[in-house]
Amino acid sequence: MMSNGSVRTPVRYRHGSRIVVTIATVLAVCMSLGSVAAQTPPGPPSGGPPGGGPGGPPPPPSANVSVFATGLQGPRGLRFGADGSLYVAEAGMGGTTSTIGMCDQVPEVGPYTGGKTARISKIDASGKVTTVAQGLPSARDGMGAQSSVSGVADIEFIGGTLYALVAGGGCSHGNPDFPNSVLKVNADGSTTRITDLSAYVKAHPVAKPDVEDFEPDGDFYSMTQAGGNLYVVEANHGELIKVTPDGTASRVIDFSASQGHIVPTVVAYRDGNFSVSNLDTFPVTGKSKVFKVTPGGDISVITNGLSAVLGLAYDSQGHLYALQMSTVPNSGPVPGSGNIVRMTASGTWEIVASGLFFPTGMTFGPDGMLYVSNMGFGPPTGQIVRVNVNAAPTVAPSAPAPAPAPVSTVAPPPVTALPSAPPKTGAGSQALFIHRLGNG
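Okay, so let's go over this structure. Computed from a predicted structure; not experimentally measured.

The next point concerns the layout of surface pockets. The volume enclosed by the largest pocket comes to roughly 630 Å³. If you go around the largest pocket, you meet 32 residues; those closest to its centre are Arg79, Glu156, Thr224, Leu312 and Thr363. Elements with a contribution of two residues or more to the lining of the largest pocket: β2 (75–80), β8 (152–158), β12 (220–226), β16 (264–270), β20 (309–314) and β24 (361–364). Taken together, the residues of the lining of the largest pocket sort by class into 16 nonpolar, 10 polar and six charged.

For the structure shown, the criterion picks out one disulfide. Paired by a disulfide, cysteine 103 and cysteine 171 hold their sulfur atoms 2.0 Å apart. Taking the torsion about the sulfur-sulfur bond, which here is approximately -95°, the covalent link between cysteine 103 and cysteine 171 counts as left-handed. A residue pair is termed long-range when its members are at least 10 positions apart, and cysteine 103 in the loop between β4 (97–98) and β5 (113–123) and cysteine 171 in the loop between β9 (161–166) and β10 (181–185) qualify at 68 residues. For cysteine 103, a relative accessible area of 24% translates into the label partly exposed.

If you walk across this open sheet you meet the four strands as β16-β17-β18-β19, and the pairing is antiparallel. Two strands bound the open sheet, and with one partner strand each, they are β16 and β19 (299–306). On average, adjacent strands in this sheet sit at an angle of 20° to one another, irrespective of strand direction. As paired elements, β16 and strand β17 (residues 273–278) share six bridges and run antiparallel to each other. Its bridge partner being in β17, alanine 268 is matched across the sheet by serine 275.

Here the residue pair glycine 110 and proline 111 is connected by a cis peptide bond, since its omega of 0° sits within 30 degrees of zero. Considering the arrangement of structural elements, one finds proline 111 in the loop between β4 and β5. Positive phi, close to 70°, is recorded for glutamate 108, a residue that is not glycine. Relative to the elements of secondary structure, glutamate 108 occurs in the loop between β4 and β5. Taking the relative accessible area as the measure of exposure, glutamate 108 reaches 37% and is therefore partly exposed. For alanine 308, which is not glycine, the phi dihedral falls at a positive 45°. Here alanine 308 lies in the loop between β19 and β20.

What counts as what
Residues numbered from 1 in each chain as written. Predicted model: local features only at pLDDT ≥ 70, side-chain atom pairs only at ≥ 80, totals over all residues. Heavy atoms only, no water. 1 Å grid on protein atoms, 1.4 Å probe; cavity = no way out; pocket = protein on both sides within 12 Å on 5 of 7 lines; lining within 4 Å. Points joined across faces, edges and corners; volume = space filled by probe spheres on them. Helix = DSSP H or I, 4+ residues; strand = E, 2+ residues; numbered from the N terminus. Nonpolar A, V, L, I, M, F, W, Y, C, P; charged D, E, K, R; others polar. Disulfide = S-S within 2.5 Å. Buried < 20%, exposed > 50% of the residue type's maximum accessible area, 1.4 Å probe, protein only. Pairing = 2+ DSSP bridges. Axes fitted to C-alpha atoms, helices over the stretch in contact; angles between N-to-C directions.

Given below as structure tokens:
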């Protein structure tokens, strides 16, 4: 960090799946800014362009953003339960267990060290936080003071049953006894593994994996439910996977086959189809898209012109909202530049909220407000903020999104046998992001 608080521009960018190569410098800045940012009360932007930038400290959030709860450890995906409480997935703090010599390690940012520090919390209407389930796998990468953590990536309800998506598990993440999984959370806080996702991705490789940015146990980020089944996004290999309540996993689509290494991150379901968006690669260039994916695996573009998307949500009227983790053009991740945008009837994007500090997930509440995991990476603790989407934003709307580029319809490729261990070539790890994105 330079003396004026600005972030040094990284000299090299790798694939966006793991922001790590680009986020390494930013994470160091986040740690130093985190305590200050966490104590800064929400307020109107202090002038200048929306979002932070390499030239100064991050701005405060827009005036329609208020803090709902604090003290969370790497908050990620979140959902409201039937009891009216907000349930939050937390990445945790990693651990000290190393698996060097036991299995293939993650290139570039590894080796990871693991522990059982991830958890799921719930927050009541007053903002009080209590633990629902704990002792879940968490993994910290090998970047030292600039390291990042992945753990529980997302949660979802089917009826009254809570399910969790684990991204910090598996031998390559320092947790050989607990693979990446979909878990059922029992009433007493214990968990039951529904499916072993680490085993699934090893047995069902994608068509075009990025060998320089490869997570042996996968890098899972988002989960939704439709028709009584769960659907999870794996960002590093690039696929959407269906998981039934009895634990049967099957591929819906391999994004790598038609789109390359785009780092898909988030999924939402509406009107019989899935909407999926992506982190894309850094620097930020506004190339992230929202794809329509049918249950049969056909793909087309809904819209584009977004950046580093880590959340999608539809309101009760069917308006699409996107959560952008960082928006400063031609840069790596910049603290305070996250925002939420809404698609207008004409197909352009308008800013709903700005000044978010590395936001990592969002969901609508029963009150019509958006609830957002903020400070998801960087600061020692994160928070949940509440966004009044009906309040006029205090920043100018974004430029219209460019017309979507045509994408040919493709069917999901046949499953093939797993090749030998992926080559450990090089420098690559931007894997999703958190751990590159939460692992990346």
